[in-house]
Amino acid sequence: MAEDPVGTGGTDEVTMRLWRGDETGGSFTDYVMPSQEGEVVLDVIHRVQATQAPDLACRWNCKAGKCGSCSAEINGRPALMCMTRMDSLPVGEAVTVAPMRAFPILRDLVTDVSYNYEVAKRIPPFAPRAKTADEEKVGGYRMQQIDVERSQEFRKCIECFLCQDVCHVIRDHEENKTAFAGPRFFARAAELEMHPLDVNDRRQLLQQEQGLGKCNITKCCTEVCPEHIKITDNAIIPLKERVVDASYDPVAWLGRKILKRNKRSPAEAAATSPATGPAAVQPRTETNGIPAPEPATAAAAAPGAGDPSPG
Amino acid sequence: MPEYETYDFDVIVVGAGGAGLRAAIEARSRGLRTALVCKSLLGKAHTVMAEGGVAAALGNVHPEDNWKVHFRDTMRGGKMLNNWRMAQLHAQEAPDRVRELEEWGALFDRTGDGLILQRDFGGHRFARLAHIGDRTGLELIRTLQQKAVADGIEVFMEVKVLRLLQDADGVVSGVIGYWRPSGEFVVFKAKAVVMAAGGVGKSWMYTSNSWESTGDGHAMSLWAGADLIDMEFVQFHPTGMVWPLSVRGLLVTEGVRGDGGILRNSDGDRFMFDYIPSMFAAETADSEDEADKWYDDHSAGRRPPELLPRDEVARSINSEVKAGRGSPHGGVFLDIASRRTAEDIRRRLPSMYHQFKELAGVDITAKPMEVGPTCHYIMGGVRVDADSTATTAAGLFAAGEVAGGLHGANRLGGNSLSDLLVFGRRAGVGAAEFASDRSGPGSLDEGQIGATIDAAVAPFSREKGENPYDIQHDLQDTMQRLVGIIRTGSELDEAVGQLDALEDRANRVALSGGRRYNPGWNLATDLAAMLTVSRCTTLGAINRKESRGGHTRDDFPKAVGEMGGLHFVERISAQGAGAEGVGGTPSIRSVTVDPEPVPALPDDLNELLEEAN
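Residues numbered from 1 in each chain as written. Chains lettered and ligands numbered in written order. Predicted model: local features only at pLDDT ≥ 70, side-chain atom pairs only at ≥ 80, totals over all residues.

## Looking at the overall build of chain B
Put simply, the test is: Here a helix means four or more residues in a row that DSSP labels H or I, a strand means two or more in a row labelled E, and each is numbered from the N terminus. Only C-alpha atoms enter the radius of gyration; for comparison, a globular chain is expected to reach 2.2 Å times N to the power 0.38, where N is the number of residues. It is the C-beta atoms, placed from the backbone, that decide contacts: two residues are in contact if theirs lie within 7 Å.
Regarding its fold elements, chain B presents 17 helices and 20 strands. Taking 613 residues into account, the globule formula puts the C-alpha radius of gyration at 25 Å, and chain B, at 23 Å, falls close to it. Once local pairs closer than 6 in sequence are excluded, the contacts in chain B between residues at least 24 apart make up 75%.

## What to know about the pairing of strand β2 (residues 11–14) of chain B
Residue and element names in this part refer to chain B. Applied cut-off: Exposure criterion: with C-beta atoms placed from backbone coordinates, a residue whose C-beta has 20 or more other C-beta atoms within 10 Å is buried, one with 12 or fewer is exposed, and one in between is partly exposed. Two strands form a pair only when DSSP identifies at least two bridges running between them. A clockwise course of the path from the first strand over the helix to the second, judged with the strands pointing away from the viewer, identifies a crossover as right-handed.
With burial as the criterion, each face of β2 is covered, one bearing Val11 and Val13 and the other bearing Ile12 and Val14. Where β2 meets strand β3 (residues 34–37), four bridges bridge the pair, whose relative direction is parallel. Within β3, the residue paired with Val14 across the bridge is Val37. At this point the chain moves from β2, through helix α1 (residues 18–29), to the parallel β3, and the crossover so formed is right-handed. Of the strand pairs in this sheet, β2 and strand β11 (residues 192–195) are connected by four bridges, and their pairing is parallel. Paired with Val11 across the strands is Ala192, a residue of β11.

## Let's talk about the domain arrangement of chain B
Residue and element names in this part refer to chain B. Applicable threshold: Where a domain begins and ends is set by an automatic assignment or by a domain database. Lys, Arg, Asp and Glu make up the charged group, whereas Ala, Val, Leu, Ile, Met, Phe, Trp, Tyr, Cys and Pro make up the nonpolar group; the residues left over, Gly among them, are polar.
Assigned domains within chain B: domain 1 (5–52 + 82–106 + 134–235 + 376–436), domain 2 (240–373) and domain 3 (446–603). Using C-alpha coordinates to define each centre, domain 1 is positioned 32 Å away from domain 2. Across the side of domain 1 that touches domain 2, the residue classes break down as three nonpolar, seven polar and three charged.

## What about the sheet that holds strand β4 (residues 54–55) of chain B?
All names here are of chain B. If you walk across this open sheet you meet the three strands as β4-β6-β5, and the pairing is antiparallel. Two strands lie at the open edges of the sheet, namely β4 and β5 (118–119), each paired on one side alone. Here β5 pairs with strand β6 (residues 129–130) via two bridges, running antiparallel. Bridging across to β6, Gln118 finds its partner in Ala130.

Okay, here's the thing in structure tokens:
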């Protein structure tokens, strides 16, 4: 059958070097598969599951680059398995696929990304301004296309967490997770800060509890973003400027007074966040029910040694 | 007794796509202890893949649009088999649901005067789809996800739900499933359950659906005593990718055609002009000249035939390919490159540009796409009361793709996202009211819980047996070949026999490895539902001896008047208990099908259909 998806046809072979294991340890295992035209890495993994290793753990959903589930480190580089074409990788060499290194291993290629969902709870949510009389009449807000486009860039984010994975602040320093939101959530904060309707003010929170200052703009996050969002240039740097303005710039303060930009106070903003507290995040809690290994164990289990860092 | 943990809520929502999220937000806003249980991570559900937009008669682009026209378009698109009350509520409430998203942070594309922009789509008389480029589903799910998080709704991610649980009176009182990461079992007690588990497309070989669309919600509801209706109506979206093979079926948004894209065959002919059905002839252009004028000024000409409802376009493409006028990889050409500037295409259709560039190596601003029909959506589903979304199983509510009725025999593009919002909210209301009237969840049947767990882990104790991936592959092959876009009686009968054999094989699945994040096991537990919904679709298709909407019979090529007045309803028969189902579920051999008359439209709504013609 020409469309045989479990793959027996084809003459050339490819070696898939896949990390197998769990939080207690593991190693790479080679699977030799026939090559097929036009495939992405995830296709070959699926064929490995169907023919050789039915219990090979791999998280995926859409296989179309839209859901951001199948993040991994392919030949050492963080990428989506569904958007990495096999013919873009060096011919004749084994294709190495490892789980994301910044997160605890659950099993094989699947990591526990609950850290990200915990950080998300700490971001004071969207709070719109009141409608004008005209808007009440037409029933909806008026915003210009040019004004929504800035935030729309960040709303393209598919939450693959590759930017979090590659960010050295947490990739190499587990302890920073308690006080660092990471590029994904700086982009989220930027999106809200630049939202034409939002009145919450997240600047002090970003500075004091979410570790914006720890980012030293190496742009690794921007490089790996499958949606090509300019996280560093368009989100993090403007946020840093806004935070500085909020803290030190009397002219900007005066401007806000004159222009009546009614941002809520940082305290009010924090109070509306569903999960408030001194730390940006409580790491490794079991609130979502996923069994979480101890940080030390997880660090030891990560396939870090000999794994080229893409930073 | 097998071990499991237990949680207790007022309302449990199964599924965290658009409908589930919207239902949970509504139930929570009414003060009920509400939790979401979903098979994947939050924000990854199939809604995220919706592209073109959400249909709502806001009237921002065409002020003459209103709910009555939207109602009429939906009924006509559904070939009048729609649940009229659902179609009415949907058309009336969609605009408020869209505006509400904006109040929760969604950023739709804008008109010149700053309102929500709307785009043209097949079957909609006016430009009606609120959108964000071609990633509307992502915006919708992210907005609802962020609202749900802000509201403090508890989310249980990566939990595969196996069965609904009922109390001694048969009232749905909870669900049982397992954590995919740990493989441990978990029971959620609830006073009401909302089923919002999405579609069934993964039972076909070429589909736009993600792995999650295995019909869990349809099957679990059926097993718990709920009726399914219209299951023979499966929508094959006209434009899926056909090449490379590994992405065959991946969706190409209808927005390409809404924004000016046209279909050509290998002779270069714009063939859709040859396939205009009489029902739509009065409102469809009959020359390229007239059609091309329409894009800029809807009063200058009638609609291009590329924007006929999806069933019409899919069948036409199928006919062209069969007649030998297809593209090199077995599709037809969808051309936007010669019709719009490269900059326009990249701005209006960014993810299509990206998708073809990265997966097929095709630059759609320079070359046409190759496209063909792909299994996309099931119109049929759990029968619900239009106002409350109550199913025929007490305590169970259903919304979104898993629910049947709104779309009749064929869904219009854009009506799915609005469906999620309108009936997701109504399910939240319905479940909240039911839960509030109930003193507490009834006592659960420990026997049912134990049996479900035992059946789920049974494949691990078999030393030798079937590979679940082989069964899935063979099921997809059966459904694609025998219950696909064009059907015929003998092939449907053949499918019944093959499904029986697949059920027997699924009962012999053997698994290795542990229960922790084991995709082989996860697939094995999906098979029962996949087989069940496939059986329902096949039985409905056998009984509907006509062609209508998403159901085309080669041996009955015309719509038959009397069939237009009938639904086919699937149920589990108590008599069919002879054979063994997969994982302790009722056997697919116990599914029965009965005809039931379609309720008549009230006069005032009937007039809307006539006067707008």
